[in-house]
2 protein chains.
Amino acid sequence: LLILNGEPVVLGKESKLAKCIALMRSERKRLEKEGKRKEKWADSRVRIETENNFPTAAGLASSASGFACLVYTLAKLYELEWDTTQLSVMARQGSGSACRSLFGGFVKWEMGKLEDGSDSVAVQVAPSTHWPSLVAVILVVNDAKKDVGSTEGMQLTVASSTLFKARIASVVPERMEQMEQAILSKDFETFGTLTMQDSNQFHAVCLDSYPPIVYMTDVSRCIVKTVHEWNAKSGRLRAAYTFDAGPNAVVYLERESVAEWLSVVESVLPRSREQSEDVNYVSDPCGVLQAPCVEEVASVGLASASPGLLKRILVVPIGDGPRVVSEE
Amino acid sequence: LLILNGEPVVLGKESKLAKCIALMRSERKRLEKEGKRKEKWADSRVRIETENNFPTAAGLASSASGFACLVYTLAKLYELEWDTTQLSVMARQGSGSACRSLFGGFVKWEMGKLEDGSDSVAVQVAPSTHWPSLVAVILVVNDAKKDVGSTEGMQLTVASSTLFKARIASVVPERMEQMEQAILSKDFETFGTLTMQDSNQFHAVCLDSYPPIVYMTDVSRCIVKTVHEWNAKSGRLRAAYTFDAGPNAVVYLERESVAEWLSVVESVLPRSREQSEDVNYVSDPCGVLQAPCVEEVASVGLASASPGLLKRILVVPIGDGPRVVSEE
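Keep in mind it's a predicted model, so treat the numbers as computed, not measured. (Residues numbered from 1 in each chain as written. Chains lettered and ligands numbered in written order. Predicted model: local features only at pLDDT ≥ 70, side-chain atom pairs only at ≥ 80, totals over all residues. Heavy atoms only, no water.)

**Q** So what's going on with the interface of chain A and chain B? Residues and values would help.
**A** Residue-level contacts link 31 residues of chain A with 31 residues of chain B. Between chain A and chain B, a total of about 2200 Å² is buried, with carbon and sulfur atoms accounting for 64% of that surface. Taken together, the connections running from chain A to chain B amount to 2 salt bridges. Among the ionic pairs, R221 of chain A bridges to D218 of chain B, the shortest N-O distance being 3.4 Å. In this structure, the connection of chain A to chain B is made through 7 residue pairs in polar contact (both at pLDDT 80 or more). Sorting the residues of the side of chain A that touches chain B by element identifies helix 6 (164–184), helix 7 (188–207) and helix 8 (218–234) of chain A as the ones contributing at least two each. Among the elements that make up the side of chain A that touches chain B, the one with the highest residue count is helix 7 of chain A (9 residues). Residues of the side of chain A that touches chain B, tallied by class, amount to 15 nonpolar, 9 polar and 7 charged. (Contact = heavy atoms within 4.5 Å. Buried area = accessible area lost by both parts, 1.4 Å probe. Salt bridge = Lys/Arg side-chain N within 4 Å of Asp/Glu carboxyl O. Polar contact = N/O pair within 3.5 Å; in protein donor to acceptor, adjacent residues only side chain to side chain. Helix = DSSP H or I, 4+ residues; strand = E, 2+ residues; numbered from the N terminus. Nonpolar A, V, L, I, M, F, W, Y, C, P; charged D, E, K, R; others polar.)

Rendered as structure tokens:
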């Protein structure tokens with residue numbers, strides 16, 4: 001039985017989660033047979049209650065992180081001896097990008113060369129503690145309902161975009177290399193430039209699909225423009241956007257720039273009257289914005305859009321992987 | 001002296017038009033010297049009054065057609081013996097795509113192979129009379145002011161898009177070939193598919209530029225979606241969009257589909273109250289929609305957007321090249 005955000009969900013035998021559970025159960029059974037686990041309950045039914053406090057179906061990898069958590073927790077429950085890489089391979093069955101979410105910090109997903117994809121695995125580039133000054137400001141756009149799911153969209157792009165092959169063959173491998181170096185040397189300028197270029201190119205091949213896939217909206221594009229204007233005005237790269245399969249932006253900044261960036265966002269994409277009174281409009285669960293924070297007023301000379309185009313703002317440092325927070 | 005839409009314009013010596021005039025003047029002088037023209041006035045100053053009744057700076061090739069007209073008219077004035085191809089080469093100096101506008105009907109612009117671009121010329125594929133049932137419905141989007149000019153934008157794309165090379169090397173040549181065949185055989189399905197795919201890919205490489213160039217807006221994307229939905233609902237390709245360097249759509253249809261398409265557009269992008277009373281909102285200068293036109297009511301099941309997102313609609317058949325309409 002699966003309880004998802006309080007609602008019971010019927011899990012088909014063919015569902016990705018059911019398949020994962022079946023695999024883990026048979027692994028537990030093996031351990032029990034070999035006498036490595038004394039309690040024999042591998043065949044018992046499991047009841048999963050899951051809750052997601054992150055915007056779902058908004059192209060913010062909520063299903064990837066959620067699936068990674070489920071796989072991690074089930075492996076704990078069944079007391080399996082799998083390492084993170086094995087869990088990552090398991091998670092990849094549920095959602096491609098879930099393979100990355102098992103690791104914390106900076107993670108790359110290697111394409112692999114084998115036909116069956118078995119060497120397409122995620123590898124940690126650096127732990128979450130590696131670059132403590134790096135912060136992500138997530139701008140959640142109001143209306144974020146996806147037309148096209150990310151897995152479905154990717155399949156259409158692979159099948160129909162004539163530019164996709166060129167991207168994979170001649171752009172991605174070199175960029176992966178450069179990005180890894182930029183992260184290891186904490187080179188924000190290179191990290192940010194590559195992040196923006198690759199986000200744009202991902203959306204370019206989506207648009208080159210047939211029929212075209214468009215995840216970004218005018219509000220997304222307003223954020224793109226604001227980032228470039230602010231960087232130009234600052235005389236150096238201070239913010240870098242990336243958009244996944246949805247209109248919401250993840251903007252990377254050094255911690256010292258966050259307060260000023262939030263004031264730039266407020267000036268270009270102001271909150272509505274109701275949002276002004278909402279203390280949760282900007283949430284900072286990990287205390288990136290230490291009080292007392294002097295609010296710097298910044299402007300990039302762009303006209304204000306109508307209020308309320310953003311739904312909320314999340315400020316987060318580079319996170320860790322899944323973790324047990326309490327055992328009952 | 002240049003009078004542009006009633007306003008005098010100072011023409012720099014280095015301006016593209018001034019250079020064209022200088023070249024034509026010296027050609028006239030040569031003809032005069034050789035006694036081929038009796039009246040000797042090559043050195044006289046010229047006064048040009050020009051008016052453009054088409055939306056300008058909106059990515060609808062108004063400057064290309066305008067420049068082509070200027071070159072054509074000046075060649076008439078100077079009584080030069082240049083053929084359309086020579087005029088086309090001249091026009092290309094002013095605006096790349098102006099080279100196409102000298103010809104009527106269906107025109108291709110060959111890339112050429114020479115370093116100096118001298119073999120990059122426009123060639124007529126078929127005259128305007130070739131496919132009389134083909135109609136273009138131009139949806140002019142409200143707010144159509146371009147951020148980035150098309151020439152400037154193209155230069156940035158060539159310099160910074162890593163996908164641009166792949167497009168030019170492996171996609172465009174084959175598509176040009178297929179498109180020419182589709183036009184010659186009046187194969188609307190192939191013509192329309194290629195038109196949409198190539199429009200999307202052009203905007204994809206714009207987005208892949210750095211900083212990214214975005215010409216389309218949410219209204220453009222709404223038109224894209226409406227076209228695909230309507231085609232799907234009709235069970236065949238009836239409409240095909242293309243977007244140039246701006247948010248406005250050119251939608252190609254067979255003449256018999258135009259009335260129904262206009263009713264689809266009205267249902268998805270309705271006019272404002274003021275626009276309902278404006279008889280010029282839909283203009284049909286060449287009488288494509290012959291009265292009495294039974295307005296077919298069609299729906300694609302998409303929700304109506306807020307009224308007034310379109311500025312106006314133009315219905316035109318495939319046009320002819322520049323022409324002398326009166327001599328004074």
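**Q** Go over the packing of helix 2 (residues 62–77) of chain A against helix 3 (residues 84–94) of chain A, please, and point to the residues and values.
**A** Residue and element names in this part refer to chain A. Contact geometry of helix 2 with helix 3 gives a least axis separation of 9 Å together with a crossing angle of 130°. Relative to helix 3, helix 2 is oriented oblique. The handedness of the crossing between helix 2 and helix 3 is right-handed. Across from F67, A68, V71, Y72 and A75 in helix 2, the residues of helix 3 making contact are L87, M90, A91 and G94. Within the contact of helix 2 with helix 3, the residues separate by chemical class into 8 nonpolar, 1 polar and no charged. (Axes fitted to C-alpha atoms, helices over the stretch in contact; angles between N-to-C directions. Parallel < 35°, antiparallel > 145°, perpendicular 65-115°, else oblique. Left-handed = near helix turned anticlockwise from the far one by under 90°.)

**Q** Can you tell me about the environment of Q181 of chain A, naming the residues and giving the values?
**A** Residue position: Q181 of chain A is located in helix 6. Sequence separation between Q181 of chain A and V125 of chain A is 56 residues, and the spatial gap between their C-alpha atoms is 9.5 Å.

**Q** Tell me what's going on with the side chain of N231 of chain A, and back it up with residues and numbers.
**A** Residues and elements named next belong to chain A. Within the secondary structure, N231 is located in helix 8. Within the structure, N231 has its side chain in polar contact with the backbone nitrogen of R238 (distance 2.8 Å). Residue contacts for N231: discarding those within four places in its chain leaves M196, R236, L237, R238 and A239.

**Q** An account of the packing of aromatic side chains is requested, with residue identities and associated values reported.
**A** Considering all chains together, one arrives at 18 aromatic pairs over all chains under this definition. Geometrically, the ring pair formed by Y241 of chain A and F243 of chain A is tilted, given 5.8 Å between the ring centres and 50° between the ring planes. Look at Y241 of chain A and you get buried, because its relative accessible area is 0%. Since its relative accessible area comes to 3%, F243 of chain A is described here as buried. Judged by centre distance (5.7 Å) and plane angle (25°), the rings of W41 of chain B and Y78 of chain B are stacked. Residue W41 of chain B is located in the loop between helix 1 (16–33) and strand 3 (48–50), and its partner Y78 of chain B is located in the loop between helix 2 (62–77) and helix 3 (84–94); the two are separated by 37 residues in the primary sequence. Residue class for W41 of chain B comes out partly exposed when judged on its relative accessible area of 22%. Y78 of chain B sits in the buried class, given a relative accessible area of 0%. Ring pairing ties together the aromatic residues F106, W131, F188, F191 and Y252 of chain A, which thus form one cluster. One residue, R28 of chain A, lies across the ring of W41 of chain A, its end atom 4.2 Å from the ring centre. (Phe/Tyr/Trp six-rings, centres within 6.5 Å; stacked < 30°, edge-to-face > 60°. Buried < 20%, exposed > 50% of the residue type's maximum accessible area, 1.4 Å probe, protein only. Lys NZ or Arg CZ within 6 Å of the ring centre and 35° of its normal.)

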